[in-house]
Amino acid sequence: MRIDLHTHTRASDGTQTAEELVRAAAAQGLDVLGLTDHDTTEAWTAAARIATEVGITLVRGIEISTRHLGRGAHLLAYLPDPTYPPLVTHLRKILDGRNSRVPAMLERLRGAGVDVDIADVRRAAEGTAATGRPHVADALVALGVVRDRSTAFRRYLNPGRPAYVNRYAAPLADMVRIVDEAGGVSVLAHPWGRHGPDSMPERSISELAGLGLAGIEVDHQDHRLDDREQLRAIARGLGLVVTGSSDHHGLGKHDHDLGCHTTAPEDYERLLELAASASARSGRPTPEVIGP
Ligand SMILES: [Zn+2]
Ligand SMILES: [Zn+2]
């Protein structure tokens, strides 16, 4: 069984439609695909339709933008009721913050002598609910200002760079609780990928586990090998599920091919069991796993 639990479509910052992503996953021989666009469930319906058609198992989720210890942290939420009001409210605030952030970024880019028009960003973001930094980056690439997305981030868009603008993100602990109340399960996405262990110390993970965190995404391209082993030990020690996934963005991110990291079947089964009991506890109408 090949299980990849973290991927993106054009509904956030991937480059594939839901249909293209699900077909590509089936063509790659994946048995289970997790769809986890940033802060939106927009691609869920289309993905479910194609998954049924091609006979792949689809686990619907959201990668939620949160904040922890003063830094951004991503939380994967699987199978929550997407109509649970506190979840809806937070996702709306996150998306609003992101959309209003683009004009502010363009203003700062102009201040740095780089002229990008909102129309350039809209073109780069065609078909997307949330425009954000990746689309500004794509516009910079399209205009020939930089060679690729990662250069755009490094030079202009990362924290501390000239065009960086802060935005709303939900407190991580609150979001773990909200996902649980919505009948879903949460997994820390690449917790040491960006800022290393200091940004997500074991103490924090242990506290989150007490609030209902189900797992840690350990096997991820952004984690160093020794960090993976340490995270795996922390997860095992706290009784958390260990996941591995590609964080595939189509052509939007290099070295994140579908299935480049996968989740063990027993961890996947355990995650589904935890989701089933969260769903039963919550009494919410949670989404089903689609599939054969
Ligand atoms: Zn992420
Ligand atoms: Zn992601």
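Just so you know, these numbers come straight off a predicted model, no measurement behind them.

Trainee: Which residues make up the coordination of the zinc ion (ligand 1), and what values go with them?
Mentor: In this structure, Glu 63 (OE), His 74 (ND1) and His 190 (NE2) serve as the protein donors to the zinc ion (ligand 1), at separations of 2.1 to 2.2 Å. Written as a sequence motif, the donor arrangement for the zinc ion (ligand 1) is E-x10-H-x115-H. If you look at the zinc ion (ligand 1) and the zinc ion (ligand 2), they sit 3.5 Å from each other and are both ligated by Glu 63. Of this pair, His 74 sits in strand 4 (residues 71-78) while His 190 sits in the loop between strand 6 (185-188) and helix 8 (202-210); the two residues are 116 residues apart in sequence, bridging distant segments of the chain. A single burial state applies to His 74 and to His 190, both of which are buried.

Trainee: For the nonpolar core, give the residues involved together with the corresponding values.
Mentor: Soluble globular proteins tend to bury their nonpolar side chains together. Within the largest apolar cluster, 47 residues are counted, with the highest numbers of intra-cluster contacts made by Leu 33, Ile 64, Leu 87 and Ile 205. Discounting residues that sit within four places of it in the chain, Ile 64 has contacts with Asp 39, Ala 73, His 74, Leu 75, Ala 77, Leu 87, Leu 91, Ile 94, Met 175 and Val 179. Among the nonpolar cores identified, the runner-up in size contains 18 residues, and Leu 106, Leu 140, Val 146 and Ala 163 belong to it.

Trainee: Any details on the coordination of the zinc ion (ligand 2)? Residues and values, ideally.
Mentor: His 6 (NE2), His 8 (NE2), Glu 63 (OE) and Asp 247 (OD) make up the full set of protein donors to the zinc ion (ligand 2), lying at 2.0 to 2.2 Å. Every donor counted, the 4 donor atoms about the zinc ion (ligand 2) form angles of 80 to 169° at the centre, which fits irregular coordination. Mapping the donors of the zinc ion (ligand 2) onto the primary sequence yields the spacing H-x1-H-x54-E-x183-D. Here His 8 falls in the buried class, since its relative accessible area comes to 0%.

Trainee: Could you give an account of the packing of helix 1 (residues 18-27) against helix 2 (residues 44-54), naming the residues involved and the relevant values?
Mentor: Direction vectors running N to C along helix 1 and helix 2 enclose 30°, while the axes themselves pass 8 Å from each other. The orientation of helix 1 with respect to helix 2, classified from their angle, is roughly parallel. For the pair helix 1 and helix 2, the sense of crossing is right-handed. Residues Ala 18, Glu 19, Val 22, Arg 23 and Ala 26 of helix 1 form the contact with helix 2, whose participating residues are Ala 46, Ala 47, Ile 50, Ala 51, Glu 53 and Val 54. Each residue belonging to the contact of helix 1 with helix 2 can be placed in one class, and the counts come to 8 nonpolar, no polar and 3 charged.

Analysis parameters
Residue numbering note: each chain is counted from 1, following its sequence as written. Both sets of labels track the order of writing: A upward for chains, 1 upward for ligands. Selection of residues for local features in this predicted model requires a pLDDT of at least 70, selection of side-chain atom pairs for listing and counting requires 80 or more, and totals for whole chains, interfaces and linings are taken over all residues. In computing side-chain properties, one takes all heavy atoms of the structure into account and sets aside hydrogens as well as water. Sites may look incomplete, because water is not among the atoms used; the donor set itself consists of N, O and S atoms within 2.8 Å of the metal (3.2 Å for Na, K and Ca). Helix and strand definitions follow DSSP, with helices as H or I runs of at least four residues and strands as E runs of at least two, each counted in order from the N terminus. Throughout, exposure labels follow a simple rule: accessible area from a 1.4 Å probe, protein chains only, divided by the maximum for the residue type, with under 20% read as buried, over 50% as exposed, and the rest as partly exposed. Note on terminology: a nonpolar core comprises buried Ala, Val, Leu, Ile, Met, Phe, Trp, Tyr and Cys residues joined through side-chain atoms within 4.5 Å. Here a residue-residue contact requires only that any non-hydrogen atoms of the pair lie within 4.5 Å. Working rule for geometry: tetrahedral if four donors all subtend angles between 85 and 135 degrees; square planar for four, octahedral for six, if opposite donors exceed 155 degrees and the others stay between 65 and 115; irregular in every other situation. Between the N-to-C directions of two axes lies an angle of 0 to 180 degrees, each axis being a line fitted to C-alpha atoms and, for a helix, fitted only over the stretch in contact. What sets the label is the angle itself: under 35 degrees gives roughly parallel, over 145 gives roughly antiparallel, 65 to 115 gives roughly perpendicular, and the rest give oblique. In a left-handed crossing the near helix is turned counterclockwise from the far helix by less than a right angle, and in a right-handed crossing that turn is clockwise. Gly falls in the polar group here, along with every residue not listed as nonpolar (Ala, Val, Leu, Ile, Met, Phe, Trp, Tyr, Cys, Pro) or charged (Asp, Glu, Lys, Arg).

Just distances and angles here, no functional claims.
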